[in-house]
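# Overview (structure and organization)
Now for the letters of each chain:
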Amino acid sequence: MEKLLLKNGWLIDKSERLVRWKADVLVEDGHIVKIGENIIDDEAEVIDCEGLYVAPGFIDMHVHVYPKVKALGVEADRVGVTTGVTTVCDAGTAGPENLPDFIENVIKKSRTRVFSSMHFSRKGLEITPEADDESKYDFDLAEKVFRENEKYICAIKARASNTTVGALGIKPIREAVEFAHKIGRPLYVHIGRALPYIEEVFDTLQEGDIITHTFHGKESNWMIKDGKPKAEALRARARGVLFDVGHGEASFSFKTAKIVFPQGFLPDTVSTDLHARNIDGPVYSLTLTMDKMMALGISLEDVVEMVTARPAEYFRFSVPIGKLKVGYCGDFTVFELENGEYHYLDSDKNELSGSTKIVPHYAIVGGKVEMKK
Ligand SMILES: [Zn+2]
């Protein structure tokens, strides 16, 4: 029996009402078996977490980690365990025709847990634009591949912008919503420049679907009108549509966040869209993206929930992750909260300063230490 005991950390998981409780967590054979004060187990390997926070393993629901088919991809462990992130979800780089290869060569070979938001178009992002012609997608094929590989697929991915759907506009997105719901997965949708118009996308999505790049600053197809979130965005949220950050090289603007966050329009989840063109700036990592959210006024407890319990609730993972709870996987991000003066840039080169920084010390996956600072 493999046992790991995390001693004296500040446990943080708002979804389980654990808000900076100083306690211990015991993991046995990959799963959490006990949470409480003064746990003693002579057989367990002990990690001293004094002065550190112990959170469920962070989940980055938007990365591109399939370098073989798309040059923008990066190694999964580079954006995963190396930076304190225990689970990453590839956002549609693979579609039905290359998903089996993605499973063999990325999912099964990474130390980070990797899932796929499988693109509905045949080859994912291997050929772009990927959905401007009906011959580029086939929902019968997508369903067949999904049935054979369900446990690796947490969502279905679509991109709703002029560079992806061309003259077809909203049509492929409507069909993708229908398909995703038929197979029991949420549709995870990128937004950008029109067509389609953002209002059409908001009105097309259903409860449980997720928009990424929500807070971009492209004013020609923006979520804001007259200084307020558009009626379609508010309506979608009321219907149960979810809003993700998906920072990216062109898709997160402090200007947008500073208008809508104070009005209560906060992200449901925080993710990066990390790939080769933004990993060396302005995105860098999930924890730096979380630092930016804190600089914009979101609390540590809330931003941790936005990368743990929330993505685990919205995406369909085949293993129990995202909570500090008995029976859940022994996945943890153990980190220090450093205080100082930090300066950030968004995708549009706007500046922002903040005073707290998350510094990961350990990434633990299934009770195994995969990164130690
Ligand atoms: Zn992306």
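Before reading on, note that the structure itself is shown above.
It should be emphasised that the depicted structure is a prediction, and the values quoted were computed from it without experimental measurement.

### Digging into the environment of Glu351
The topology assignment puts Glu351 in strand 16 (residues 351–365). The class for Glu351 is exposed, based on a relative accessible area of 66%. The contacts of Glu351, once residues within four sequence positions are left out, are Phe254, Lys258, Tyr344 and Leu345.

### Brief notes about the sheet that holds strand 8 (residues 113–119)
Ordered by their spatial adjacency, seven strands build an open sheet running 6-7-8-9-10-11-14, and the pairing between neighbours is parallel. Looking at which strands have only one partner, the edges of the open sheet turn out to be strand 6 (58–63) and strand 14 (242–243). Strand direction decides the pairing type here: strand 10 (residues 187–191) and strand 11 (residues 210–212), joined by three bridges, are parallel. Bridge pairing in strand 11 places Tyr188 opposite Ile210.

### Things to note about the packing of helix 3 (residues 139–149) against helix 5 (residues 171–183)
Relative to each other, helix 3 and helix 5 sit at 30°, their axes nearing to 11 Å. In this view, helix 3 runs roughly parallel relative to helix 5, as classed from their interaxial angle. Taken as a pair, helix 3 and helix 5 cross one another with a handedness that is right-handed. Along its contact with helix 3, which presents Phe139, Ala142, Glu143, Phe146 and Arg147, the element helix 5 presents Glu175, Ala176, Phe179, Lys182 and Ile183. When its residues are assigned to classes, the contact of helix 3 with helix 5 shows six nonpolar, no polar and four charged.

### Re the pairing of strand 17 (residues 368–372)
In terms of strand pairing, strand 16 meets strand 17 through four bridges, oriented antiparallel. Within strand 17, the position partnered with Ala363 by the bridge is Met371. The turn joining strand 16 and strand 17, which pair antiparallel and follow one another in sequence, is formed by two residues; a positive phi near 55° is taken by Gly366.

Rules behind the numbers
- Residues numbered from 1 in each chain as written.
- Predicted model: local features only at pLDDT ≥ 70, side-chain atom pairs only at ≥ 80, totals over all residues.
- Heavy atoms only, no water.
- Helix = DSSP H or I, 4+ residues; strand = E, 2+ residues; numbered from the N terminus.
- Buried < 20%, exposed > 50% of the residue type's maximum accessible area, 1.4 Å probe, protein only.
- Contact = heavy atoms within 4.5 Å.
- Pairing = 2+ DSSP bridges.
- Axes fitted to C-alpha atoms, helices over the stretch in contact; angles between N-to-C directions.
- Parallel < 35°, antiparallel > 145°, perpendicular 65-115°, else oblique.
- Left-handed = near helix turned anticlockwise from the far one by under 90°.
- Nonpolar A, V, L, I, M, F, W, Y, C, P; charged D, E, K, R; others polar.

Read these as geometric descriptors, not functional statements.
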